[in-house]
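Take a look at the letters that make up each chain.
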Amino acid sequence: MKKLFISAALLMPALLFAQDKKTVTAKPFTIQGTVSDQKTPAKVFLRMRKSGETFIDSTLTKDGKFTFTGTLEEPTMASLMLSPEDAGKSVSMRRDMLAIFLESSTVTITTTDSISKATVTGSKANDDYNKLGEQLKGVNEVNMALQQQYRALAQAKDKEGMKALEARYDSLDAAEKAIETSFFNANTSSPIALFVLNQVAGYDLDVKTIEPLYKKLSKEAKNLPSGKEFAKRLDAAKKTAVGSTALEFSQADSTGKAISLASFRGKYVLVDFWASWCGPCRAENPNVVKAYEKFNPKGFEILGVSLDDKKEKWLAAIHADKLTWQHVSDLKGWNNAAAGLYGVRAIPQNFLIDPKGKIIAKNLRGEELEKKLAEFMN
């Protein structure tokens, strides 16, 4: 049920990366927009990621026209939002939004009233993004329908109905990956090739499938900031693949005492990446509690690694969910050092490690965790 978890797991922003800014050359871009029926001033927001941080700019239309200028380090996904009814409305209240792919060029955006229905020209990256979107249209429509069904079942607390959708999600996820992989193979020099490769890889990167695709990228693409970040992801995935020796780390518990992964050697241990603010993590916690209560007497332990940045919320969630195992965090949110070491880009994620320190399974959900533990511990 990968697609559902991706949609619900609060993914780390796709272009969030640390950069050596000395090696990055920024290039100019321009957006020239026309909203022909907008006779009164309206506010237009531009939102994207720059240098690993969220960047938001805004401007007012004048006679229905607006302009943005700036610089980019590489082709970048961005959003344009229009607030015609209230120029002071905050970006979080937008209703009319257009996703576009920017590159170093002059992009022209033309519409009568709704920016979400605008015509975009002047960006090959955006042209390719739209081509991919057309190929994925059928899959996306089915996915949206399934997500609506899933939300309705979740509200009704129909666990059997929710589980029945899992096979359909898996099939849909496979169909989407097939389309994206085909597009990538036919467009390895496209300015959105890295974006597509990230989509194919998902949050749980499979080295055997993805490394051959990565090798098809041009040297130029590999040297882009996101290309270098992807190489780091690939390296982390190799080091944390099933069969690998678990990477050692140490972080402080709630009292400030350092707890190391090495201290669990000799036992089966689940390294569980989660956070108090992550809904899917909290929903999964009862399953983890159940497995812990059943197998802890047999030598099973859990090391919870939180991606929280507020200690009080972290501790409150531990108490509320009755998580009685050991917990650590450096309280740096998505910049958690252990999460970075293990290439964690979405939560919940977990790694099951045997008494010798080998990773024997990953991302076990629901009954899967109990079944896998039973294989090794009964």
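Residues numbered from 1 in each chain as written. Predicted model: local features only at pLDDT ≥ 70, side-chain atom pairs only at ≥ 80, totals over all residues. Heavy atoms only, no water.

1. Some details on the packing of helix 2 (residues 124–155) against helix 4 (residues 166–186)
So, step 1. Where helix 2 contacts helix 4, the two axes come as close as 10 Å, and the packing angle between them is 175 degrees. In terms of orientation, helix 2 lies roughly antiparallel with respect to helix 4. Facing helix 2, whose interface residues are Asp128, Lys131, Leu132, Gln135, Leu136, Val139, Val142, Asn143, Leu146, Gln147, Gln149 and Tyr150, helix 4 presents Arg168, Tyr169, Leu172, Ala175, Glu176, Ile179, Glu180 and Phe183. (Axes fitted to C-alpha atoms, helices over the stretch in contact; angles between N-to-C directions. Helix = DSSP H or I, 4+ residues; strand = E, 2+ residues; numbered from the N terminus. Parallel < 35°, antiparallel > 145°, perpendicular 65-115°, else oblique. Contact = heavy atoms within 4.5 Å.)

2. As for the domain arrangement of the chain
So, step 1. According to the domain assignment, the chain consists of domain 1 (27–121), domain 2 (126–237) and domain 3 (244–377).
So, step 2. Put simply, the middle of domain 2 and the middle of domain 3, counted by C-alpha atoms, are 26 Å apart.
So, step 3. With 6 residues of domain 2 at the interface, the matching set in domain 3 holds 10 residues.
So, step 4. Summed over both partners, the interface of domain 2 with domain 3 buries about 650 Å², with 41% contributed by carbon and sulfur atoms. (Domains from an automatic or database assignment. Buried area = accessible area lost by both parts, 1.4 Å probe.)

3. Observations regarding helix 9 (residues 279–295)
So, step 1. End to end, helix 9 covers 25 Å across 17 residues, agreeing with the expected 24 Å (1.5 Å per residue, within 8%).
So, step 2. Roughly 35 degrees is the biggest bend found in helix 9, and it falls at Asn285, with proline Pro286 one to four residues downstream.
So, step 3. Residues Pro280, Cys281, Glu284, Asn285, Val288, Val289, Ala291, Tyr292 and Phe295 constitute the buried set of helix 9. (Expected span 1.5 Å × (residues − 1). Bend = angle between axes of the 7 residues up to and from the residue. Buried < 20%, exposed > 50% of the residue type's maximum accessible area, 1.4 Å probe, protein only.)

4. Quick look at the environment of Gly366
So, step 1. Here Gly366 is to be found in the loop between strand 15 (359–362) and helix 12 (367–377).
So, step 2. In this structure Gly366 comes out as partly exposed when scored by relative accessible area, which is 21%.
So, step 3. Spatially, the C-alpha atom of Gly366 lies 9.1 Å from that of Ala291, the residues being 75 residues apart in sequence.
So, step 4. Dropping the residues within four chain positions of it, Gly366 is found in contact with Glu284 and Asn287.

5. What about the environment of Ser116?
So, step 1. Relative to the elements of secondary structure, Ser116 occurs in the loop between strand 7 (106–111) and strand 8 (119–121).
So, step 2. Take Ser116: its relative accessible area is 36%, and that puts it in the partly exposed class.
So, step 3. Linking Ser116 and Gly357, residues 241 residues apart in sequence, is a C-alpha distance of 51 Å.
So, step 4. The contacts of Ser116, once residues within four sequence positions are left out, are Asp96, Met97 and Leu98.
So, step 5. A polar atom in the side chain of Ser116 sits 2.7 Å from the side chain of Ser114. (Polar contact = N/O pair within 3.5 Å; in protein donor to acceptor, adjacent residues only side chain to side chain.)

6. Some thoughts on unusual backbone geometry
So, step 1. A cis amide bond links Ile347 with the next residue in sequence, Pro348, at an omega value of 5 degrees.
So, step 2. Positive phi is not limited to glycine here, since Lys322 has a value of about 60 degrees.
So, step 3. On the secondary structure map, Lys322 appears in the loop between helix 10 (311–320) and strand 13 (326–328).
So, step 4. According to the relative accessible area criterion, Lys322 is exposed, its value standing at 59%.
So, step 5. One non-glycine residue, Asn363, lies in positive phi territory at about 50 degrees.
So, step 6. One can find Asn363 in the loop between strand 15 and helix 12.

7. Thoughts on empty space enclosed by the protein
So, step 1. Enumeration over the complete set of coordinates arrives at 5 cavities of 30 Å³ or more.
So, step 2. Taken as a whole, the largest cavity encloses approximately 100 Å³ of empty space.
So, step 3. Every element with two or more residues in the lining of the largest cavity is listed here: helix 8 (225–239) and strand 14 (349–353).
So, step 4. A total of 3 residues in the lining of the largest cavity trace back to one element, the largest contributor, which is helix 8. (1 Å grid on protein atoms, 1.4 Å probe; cavity = no way out; pocket = protein on both sides within 12 Å on 5 of 7 lines; lining within 4 Å. Points joined across faces, edges and corners; volume = space filled by probe spheres on them.)

8. Topic: the nonpolar core
So, step 1. With 46 residues, the main nonpolar core has Leu261, Phe273, Phe300, Leu303 and Tyr342 as its most contacted residues.
So, step 2. Broken down by secondary-structure element, the contributors of at least two residues to this core are strand 11 (268–274), helix 9, strand 12 (300–306), helix 10, helix 11 (337–341), strand 14, strand 15 and helix 12.
So, step 3. Setting aside chain neighbours within four positions, we find Leu261 in contact with Ala246, Leu247, Glu248, Phe249, Val269, Val271, Leu303, Tyr342 and Ile353.
So, step 4. Listed in part, the 23 residues of the second largest apolar core include Phe184, Tyr214, Ala221 and Ala237. (Core = buried A, V, L, I, M, F, W, Y, C linked by side-chain atoms within 4.5 Å.)

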